[in-house]
Amino acid sequence: MEENYDYGAEITAQSEPDYDGWGYDEYWSCNDWMIWHTRLKAEFGLTIANEKWTTAWNKQGAWESNYNWCKYDCNFANFAQSNNLPIRNVFSKLTCGVVNVADNVAEGFTTGAKIVRVLIPVAVIGVGIFYAYKGYSALKGKGGKR
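Residues numbered from 1 in each chain as written. Predicted model: local features only at pLDDT ≥ 70, side-chain atom pairs only at ≥ 80, totals over all residues. Heavy atoms only, no water.

Visitor: Help me understand the overall build of the protein, please; the structure alone is not making it clear to me.
Guide: Helices and strands together make up the secondary structure of the protein, namely six helices and zero strands. Along the chain direction, N to C, the helices and strands of the protein fall in the order α-α-α-α-α-α. A total of 146 residues make up the protein; the buried ones form 30% of that total. A fraction of 50% describes how many contacts in the protein between residues 6 or more apart in sequence connect residues 24 or more apart. Accessible surface, the protein: about 9,500 Å² in total, of which carbon and sulfur atoms supply 61%. (Helix = DSSP H or I, 4+ residues; strand = E, 2+ residues; numbered from the N terminus. Buried < 20%, exposed > 50% of the residue type's maximum accessible area, 1.4 Å probe, protein only. Contact = heavy atoms within 4.5 Å. Areas by Shrake-Rupley, 256 points an atom, 1.4 Å probe, with all protein chains shown as cover.)

Put into structure tokens, the structure is as follows:
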């Protein structure tokens, strides 16, 4: 693992991850997440490091860049596997040459649930906006004819 800080600040075991938010912002790269785990492991040991790291990793939303793309970075995927971190994806394992389909079927359902959790409110808001616009157009059309 190369010690370059994409985030731009030295990461320690006490650091708090910087998550990817909406719009343009700075956030931790895959490399920064690996550096943080290394620091956590040095300070707390593998078991506690994995608990802290996994808890923080799972706070990401389904649409965040790292949550979706780090698992396809072979350096990250291999790092996660060698440290027993639960970052698994059938396609990333195929890409990086490590395949265990049975484990990934269950994770696919978990990831799908995260995505659905985001999509349902977005769909409801979209439908609401559509019908509000449709109602507004109908009222405007009736009121404009004299």
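So much for the structure itself; the text now carries on.
Visitor: I'm lost on the nonpolar core in this one. Help?
Guide: Side chains that are nonpolar tend, in soluble globular proteins, to be buried together. Counting 19 residues, the largest nonpolar core has Trp33, Trp36, Trp53, Trp57, Phe76 and Ile87 as its most contacted members. Of the residues forming this core, the biggest block, six residues, is contributed by helix 1 (residues 30–44). In contact with Ile87, not counting residues within four places along its chain, are Trp53, Trp57, Lys71, Phe76 and Ala80. (Core = buried A, V, L, I, M, F, W, Y, C linked by side-chain atoms within 4.5 Å.)

Visitor: Which parts of the structure should I look at to understand helix 1?
Guide: Since there are 3.6 residues in each turn of an α-helix, residues three or four apart along the chain are aligned in direction. A rise of 1.5 Å per residue sets the reference length of helix 1, with its 15 residues, at 21 Å; its end C-alpha atoms lie 21 Å apart and thus fit the reference within 8%. For helix 1, every residue scored as buried is listed here: Cys30, Asn31, Asp32, Trp33, Met34, Ile35, Trp36, His37 and Leu40. Taken from the residues just after helix 1, Gly45 is the one with a positive phi, measuring 90°. (Expected span 1.5 Å × (residues − 1).)

Visitor: Help me understand the state of the cysteines, please; the structure alone is not making it clear to me.
Guide: Here, the word disulfide means a covalent bond between the sulfur atoms of two cysteines. Per the counting criterion, the structure on display carries one disulfide. Disulfide partner of Cys30: Cys70, at an S-S distance of 2.1 Å. Measuring the twist about the S-S bond at about -100°, one finds the Cys30-Cys70 disulfide to be left-handed. Here the residue Cys30 occupies a position in helix 1, and Cys70 occupies one in the loop between helix 3 (65–69) and helix 4 (74–82), the gap between them amounting to 40 residues. Among the residues examined, Cys30 registers a relative accessible area of 13% and is labelled buried. (Disulfide = S-S within 2.5 Å.)

On their own, these measurements won't tell you what the molecule is for.
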